[in-house]
Structure formats: structure tokens, C-alpha cells
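Fold and contact review
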Amino acid sequence: MSIQSSPEAAVAARFAADTAKHTMTVVHDDGVYRHLVVRDPQHTYYWFELITTPGQLVFSGDGDSFVFRRLTDMFQFFRTGIRRDGSTDINPVYWSEKLTSRRDAARTYSVKLFDEEVARELEAVEEDYPGVGEAWIEHVESGYTTEYEEEARRALDDFRFGESYRARCTKCVWSLEDESWTVARRSMDSHTKEAGEKHVGRVEDLTFTFSDTGEWQLQDFDWWFLWALHGIVHGIARYDRLRSYGLMALAAPSQREAGAL
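Report on the accompanying structure. (Residues numbered from 1 in each chain as written. Predicted model: local features only at pLDDT ≥ 70, side-chain atom pairs only at ≥ 80, totals over all residues. Heavy atoms only, no water.)

1. Remarks on the nonpolar core
In terms of nonpolar packing, the biggest core is built from 36 residues, with F59, F66, F68, F78, F225, W227 and I232 touching the most fellow members. Elements supplying a minimum of two residues to this core: α1 (8-18), β1 (23-30), β2 (33-39), β3 (48-53), β4 (56-61), β5 (63-68), α2 (74-78) and α8 (223-244). The biggest single contributor to this core is α8, with 12 residues. The contact partners of F225, leaving out residues within four places of it in the chain, are F66, F68, P92, S96, L99 and A106. Counting 19 residues, the second-largest nonpolar core is a separate cluster that includes V111, F159, W216 and L218. (Core = buried A, V, L, I, M, F, W, Y, C linked by side-chain atoms within 4.5 Å. Buried < 20%, exposed > 50% of the residue type's maximum accessible area, 1.4 Å probe, protein only. Helix = DSSP H or I, 4+ residues; strand = E, 2+ residues; numbered from the N terminus. Contact = heavy atoms within 4.5 Å.)

Quick look at the structure:
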């Protein structure tokens, strides 16, 4: 499970491939008390189970577990993800709001979102700071990785481009720019001595640095959470088909399965 975050379409395709040989076992089925197990009879990879009690659905399996609460019958709630033609349409934004287990498990750091935020920021300042984009690439390649959020944010914090400082008088039009803060500060002090005490000012840092990055949205839905949502909708759809065709007996656990459950 090395994928951290994927587009929903990619996860849907992966789910279909991962569960192509899965079968469903209905361990328990009594009103809203249900226990369904979906797995490949020959392998243990990517199995999952759905357990419902009044007002609650639990997804567990070959990864993190998730608990949802909204309606008395949570199958009814998730049936909104099943279209009339049998296709599925998950709603991760709305459904994640119904999590009563750890909500932060539903999202994870996204390199894609990070790169988009950086590109947007650099594009906005490229005219004022020519070459800043190439400098950012060289900066990252000099010893950083953006694959992990902590390291990506360290790269942001350490990046400086176009080192420059401006000393400006608040009383007249005098100003001076230099690559050294010390030179700019001393020039400001010299101007004050020559022009008089009223001619004071400050030194502005004109160097480009990333700002307000704490407000960047770098979290996207975790691929396993999206996979789990597909599992929930897929499991409910298969359960409904078995019931509508009167085939529930075919999904009953065998003696061997019953002993293992």
C-alpha cells in the first residue's frame, strides 16, 4: 500500500482490479444488524468487511478502519452512491463528515497539491523576481524532498531568492538598495546624520520568501479512504442484488468459513 493519494478515478480503477475475484459472505443479516465479508477465496489481499448496527457502519479490512454514523440504517445512507444503472458515485467530502472514527485518517499530505500551491505562488511573482522558478527547482534538488509534508515545509521555510534590502527615508525621497542588510542599515544611519534627526526610516527586506504557507491546503483524501468508500458502496450493491434475486443462501458462510469467523 505505497500510494498515498490518488485521483478518485484511479482509485476506482484500482479497487475494481483489487477485488475482481472477491466474493461476498453474509455472516449475519438481521434487519440493520449485518456482517458482510468480501474477499478473494484464494488470497487475503484487500479483503474487507462491513458491519452495521443501528445508526452505525464499520468498514474494516486490509488497512485502516472507519466508523460512520448518520441514519439508523447506514446502508440506506450509502445507497445514494449507487446510480440506477448500477454504476457507483462516491461522495468523499460529504461522507467523511459522517466519520466518528479519526477524521484525519481520511486525508493525507498530497505532493500534487503542494506542487500546485508552489507553482501558483511562483507564477505570481515571476515578473518581479525573474528566475525564481528555476531557483526553486535548484533549491529542492540541493537536498530536500517534497514527498513528505514536514520536509516540504522545511524547503519552503529555507528558500530565499533575490537577496535585497531597501533603506528608505520617511521624510524625503532618499532610498538605497543593497544585497546586504548591514550596508543598507548603515546607509540609513548615515543619511539621518547628514540630513537631520527627522530623516529617519527603516530597512525593508525585499527578498522573496514564501509567506502564509500555513494556510495552504495540502491535505487530500487518502487513497485507502477512497478505496474503502468504493468497498462500502460495492458491498451494499452486491448485498442488494443477492436479496433482490433471492440468492442470499449462496452467500451464507460454508462450514469451513463459519469455523474461521
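2. Points about the environment of W224
Within the element layout of this structure, W224 appears in helix α8. Sequence-wise, W224 and K171 are 53 residues apart; in three dimensions their C-alpha atoms are separated by 61 Å. One polar contact links the side chain of W224 to the main-chain carbonyl oxygen of D64, over a distance of 2.9 Å. (Polar contact = N/O pair within 3.5 Å; in protein donor to acceptor, adjacent residues only side chain to side chain.)

3. Quick look at the packing of aromatic side chains
When we look at a pair of aromatic rings, we describe it by the centre distance and by the angle of the planes. One pass over the full model with this rule turns up 28 aromatic pairs. Here F114 and W136 contribute two aromatic rings whose centre-to-centre distance is 6.4 Å and whose plane-to-plane angle is 45°, an arrangement assigned as tilted. Of this pair, F114 sits in helix α4 (residues 111-125) while W136 sits in helix α5 (residues 132-141); the two residues are 22 residues apart in sequence, bridging distant segments of the chain. Taking relative accessible area as the criterion, F114 reaches 0% and is therefore assigned buried. Between the aromatic rings of W223 and W224, the centroid separation amounts to 5.9 Å while the plane-to-plane angle is 70°, which identifies the pairing as edge-to-face. With relative accessibility at 4%, the residue W223 sits in the buried group. One Lys or Arg, R39, reaches over the ring of W47 and ends 5.2 Å from the middle of that ring. (Phe/Tyr/Trp six-rings, centres within 6.5 Å; stacked < 30°, edge-to-face > 60°. Lys NZ or Arg CZ within 6 Å of the ring centre and 35° of its normal.)

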